[in-house]
Amino acid sequence: GAFRDRDLNTLEGETWFIESLSTNVFTLKAGTYELEAFAPFYNSHYTQLRLYDNTNSTTVTFGMNHQGGTGFGDVNGPIYSSFTLTESTAFKIQYRTSSTTADYGLGEDSTFSDSISVYTSVKIRKLK
């Protein structure tokens, strides 16, 4: 039931407005942004994502509540948010679940030999 950090470790695309990505925390420059995020879960029953302002220790927005079934995976979210920053601010994508499943609870490996598995996806657009 407590919120935990999702792993974030790769930047792709236009990232000039992201000051840093370190230990699952991304820092955005001042400006207006649009963000959406998704994350897989497996056998975790009730799940929820949130965008957490790590600089000011506050929740920016919650993702949709989701109830997954037992014995199969689900993609949770999404988080949709628009916000304006007056200064550089650090953020995390966090999750909470009502059930814990060892090994696969945060998503199963795709098992395809020619690809990598993605466990959290965050799309950020700088509007101005």
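Right, let's walk through the structure included here.

Each value, and the rule that gives it
- In every chain, residue numbers begin from 1 and rise along the written sequence.
- Where local features are concerned, this predicted model is filtered to residues with pLDDT of at least 70; where side-chain atom pairs are given and counted, the filter is 80 or more; whole-chain, interface and lining totals use all residues.
- The side-chain numbers reported here are obtained from all heavy atoms of the structure, hydrogens and water having been left aside.
- Every helix listed is a DSSP run of H or I at least four residues long, and every strand listed is a run of E at least two residues long, numbered separately from the N terminus.
- The contact criterion used is simple: two residues touch if any of their non-hydrogen atoms lie within 4.5 Å.
- Classification of ring pairs uses Phe, Tyr and Trp, with its six-membered ring standing for Trp, and accepts pairs whose centres are within 6.5 Å; under 30 degrees between planes counts as stacked, over 60 as edge-to-face, and the remaining range as tilted.
- Remark: a charge is flagged as sitting over a ring if the NZ atom of Lys or the CZ atom of Arg is within 6 Å of the ring centre and within 35 degrees of the ring normal.
- The nonpolar core is taken to be a set of buried Ala, Val, Leu, Ile, Met, Phe, Trp, Tyr and Cys residues, with the residues joined through side-chain atoms within 4.5 Å.
- Type-normalised accessible area, obtained with a 1.4 Å probe on protein chains alone, sets the label of each residue: buried when under 20%, exposed when over 50%, and partly exposed for intermediate values.
- Salt-bridge detection follows one rule: a side-chain nitrogen of Lys or Arg within 4 Å of a carboxyl oxygen of Asp or Glu.

Residue position: isoleucine 18 is located in strand S2 (residues 18-22). The spacing of isoleucine 18 and serine 88 is 70 residues in sequence and 9.3 Å in space, taken between C-alpha atoms. Apart from residues no more than four positions distant in its own chain, isoleucine 18 is found in contact with Leu11, Phe26, Thr27, Leu28 and Ile124.

Attention now moves to the packing of aromatic side chains. Within the structure shown, the criterion is met by six aromatic pairs. Note on tryptophan 16 and phenylalanine 17: the rings are 5.3 Å apart at their centroids and 85° apart in plane angle, and the pair reads as edge-to-face. By way of ring pairs, the aromatic residues Trp16, Phe17, Phe26, Tyr33, Phe83 and Phe91 are connected into one cluster. Between the NZ or CZ atom of arginine 6 and the centre of the ring of tyrosine 95, over which it lies, the distance is 5.5 Å.

Attention now goes to the nonpolar core. Grouped burial of nonpolar side chains is what soluble globular proteins tend to show. Phe26, Leu28, Leu35, Leu51, Phe83 and Ile124 are the most contacted members of the largest nonpolar core, which has 19 residues in total. With five residues, strand S4 (residues 31-42) is the largest single contributor of residues to this core. Excluding anything up to four places from it in sequence, leucine 28 contacts Phe17, Ile18, Tyr33, Phe83, Leu85, Glu87, Ser88, Thr89, Phe91 and Ile124.

Take the pattern of salt bridges next. Across all of its chains, the model carries two salt bridges by this definition. A salt bridge links lysine 92 to aspartate 5, with the shortest nitrogen-to-oxygen separation between them at 3.2 Å. Taken together, the residues lysine 92 in strand S9 (residues 89-97) and aspartate 5 in strand S1 (residues 4-5) connect sequence positions 87 residues apart. Residue lysine 92 is classed as buried on the basis of its relative accessible area of 15%. Ionic pairing is found between glutamate 34 and arginine 125, a salt bridge with its closest N-O pair at 3.3 Å. Taken as a pair, glutamate 34 in strand S4 and arginine 125 in strand S10 (residues 121-126) lie far apart in primary sequence, 91 residues in all. Using a relative accessible area of 33% as the deciding quantity, one classes glutamate 34 as partly exposed. Judged by relative accessible area, arginine 125 falls into the partly exposed class, the value being 41%.

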